Amino acid sequence: MSNISSITHFLLLPFTDARELQLWHFWLFLSISLAALLGNSLIITSTACDQHLHTPSYFFLLSLSLLDLGCISTTVPKSKANSLWDSRDISYTACAAPIFFLHFFLVAEFYFLTIMSYDRYVAICKPLHYGSLLGSRACVHMAAAAWGAGFLTALLHTANTFSLPLCRGNAVEQFFCEIPQFLKLSRSHSYLREVGLFVIAVCVTFGCFVFIVGSYVQIFRAVLRIPSEQRCHKAFSTCLPHLAMLSLFVSTSAFAYLKPPTISSPPLDLVVSVLYSVVPPAVNPLICSLRNQEL
């Protein structure tokens, strides 16, 4: 029986064995990553350099763009290299790092989306208290809490995952290293600790989701009481980008991690993983710029 101490490398799942399709995959992922890099970099640069954008909303948007850049930089480069060089190998360290960083970026991003819902709630429901509730110190504290919680969660999950004994080879059925695929390589009774951590994470995520829903219930109630149709439309417009990003993130991530095992298959897992780890970082800048003349 082999365990993690005797494994020095893993084999990633290729998108295809056909050489021409591998090259198409390389160019496709290169285009998506460049689009994500350009879009998020423009948001970061604009927000940092324009004094008019030094507000809580854009501060959280800047943090979200940084996380999107980190997310797509964690999953795509190795996949592009493997397709270009027709390879599947990845070292132990090169596999552990993406698991930690991807978990870190995804968890922190969800916390920032939760904070952004609170920002919208205060801006619309309590505009007179916006400056006091979302001052610079409060924003820094909330951002630090989101980054810190993401780091701690990723550290716990990564350390626990790589402490599990592996007895089913070293072939990872994914184009990048992720925790669910590693659990498939472990003995069935040895990953109960990871399941326990996963249950805790689900409970925390559900709490954040309830908070987001509650915030938007209050927002919609406040907006519908606005007598001016123009102001009502403007209030809804400020919420639409956040709702779109939140819906894209939650729907793809939830399906990736909560889909029934009966419908799981390598091709489906590849498609779903692209939807939650590659598409949002590339699409979010476009969503943010729609109907936003300041950006």
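Presented here is a report on the structure given in the accompanying data block. (Residues numbered from 1 in each chain as written. Predicted model: local features only at pLDDT ≥ 70, side-chain atom pairs only at ≥ 80, totals over all residues. Heavy atoms only, no water.)

**Observations regarding the pairing of strand S1 (residues 9–12)**
- Residues of S1 alternate between two faces, with Phe10 and Leu12 buried on one and His9 and Leu11 left unburied on the opposite face.
- Where S1 lies against strand S3 (residues 171–172), two bridges are found, and the strand directions are parallel. Residue pairing across strands places Leu12 opposite Val172, the latter belonging to S3. (Buried < 20%, exposed > 50% of the residue type's maximum accessible area, 1.4 Å probe, protein only. Helix = DSSP H or I, 4+ residues; strand = E, 2+ residues; numbered from the N terminus. Pairing = 2+ DSSP bridges.)

**Considerations on the state of the cysteines**
- For the coordinates displayed, the defined rule picks out one disulfide.
- Covalently, Cys95 is tied to Cys177 through a disulfide, its sulfur atoms 1.8 Å apart. The disulfide joining Cys95 to Cys177 has a torsion of about -110° about its S-S bond and is therefore left-handed. With Cys95 in helix H3 (residues 92–125) and Cys177 in the loop between S3 and helix H6 (179–183), the pair connects residues that are 82 residues apart, well separated along the chain. Per residue, the accessibility class of Cys95 equals that of Cys177, and both read buried. (Disulfide = S-S within 2.5 Å.)

**Some thoughts on the sheet that holds S1**
- Taken in spatial order, the three strands line up as S2-S1-S3 in an open sheet, and their pairing is mixed. With partners counted over all chains shown, the strands left at the sheet margins are strand S2 (89–91) and S3, one partner each.
- In this sheet, S2 lies alongside S1 in antiparallel orientation, the contact comprising three bridges. From the neighbouring strand, His9 faces S2, where its bridge partner is Ser91.

**Quick look at the side chain of Lys80**
- Mapped onto the secondary structure, Lys80 falls in helix H2 (residues 56–85).
- Within the structure, the side chain of Lys80 is placed 3.4 Å from the side chain of Ser33, a separation counted as a polar contact.
- Apart from residues lying up to four places away in sequence, Lys80 is in contact with Phe26, Phe29, Leu30 and Ser33. (Polar contact = N/O pair within 3.5 Å; in protein donor to acceptor, adjacent residues only side chain to side chain. Contact = heavy atoms within 4.5 Å.)

**Quick notes on the packing of aromatic side chains**
- For the structure shown, the criterion picks out 15 aromatic pairs.
- Look at Tyr118 and Phe211: their rings are 6.3 Å apart centre to centre, the planes differ by 35°, and that puts the pair in the tilted class. Taken as a pair, Tyr118 in helix H3 and Phe211 in helix H7 (residues 192–224) lie far apart in primary sequence, 93 residues in all.
- Using a relative accessible area of 37% as the deciding quantity, one classes Phe211 as partly exposed.
- Through pairs of rings, three or more aromatic residues link up here, namely Phe59, Phe60, Phe100, Phe101, Phe104, Phe105, Phe112, Trp147 and Phe151. (Phe/Tyr/Trp six-rings, centres within 6.5 Å; stacked < 30°, edge-to-face > 60°.)

**As for the nonpolar core**
- Membership of the largest hydrophobic core comes to 55 residues, with the highest contact counts inside it found for Phe112, Leu113, Phe175, Ile219, Met245 and Val278.
- With 16 residues, H3 is the single largest residue contributor to this core.
- Ranked by size, the runner-up nonpolar core spans 15 residues in total, among them Ile90, Cys95, Leu166 and Phe182. (Core = buried A, V, L, I, M, F, W, Y, C linked by side-chain atoms within 4.5 Å.)

**Quick notes on the pattern of salt bridges**
- Tallied over the full model, the rule gives one salt bridge.
- Where Arg120 meets Asp119, a salt bridge forms, and the shortest distance between an N and an O atom there is 3.0 Å. With respect to class, Arg120 is no different from Asp119; both count as buried. (Salt bridge = Lys/Arg side-chain N within 4 Å of Asp/Glu carboxyl O.)

**Examining the packing of helix H9 (residues 266–277) against helix H10 (residues 279–289)**
- Contact geometry for H9 and H10: axes closest at 4 Å, N-to-C directions at 35°. Contacts from Val274, Leu275, Tyr276 and Ser277 of H9 reach H10 at Val279, Pro280 and Pro281.
- Taken together, the residues of the contact of H9 with H10 sort by class into six nonpolar, one polar and no charged. (Axes fitted to C-alpha atoms, helices over the stretch in contact; angles between N-to-C directions. Nonpolar A, V, L, I, M, F, W, Y, C, P; charged D, E, K, R; others polar.)

These values are about where atoms sit, not about what they do.
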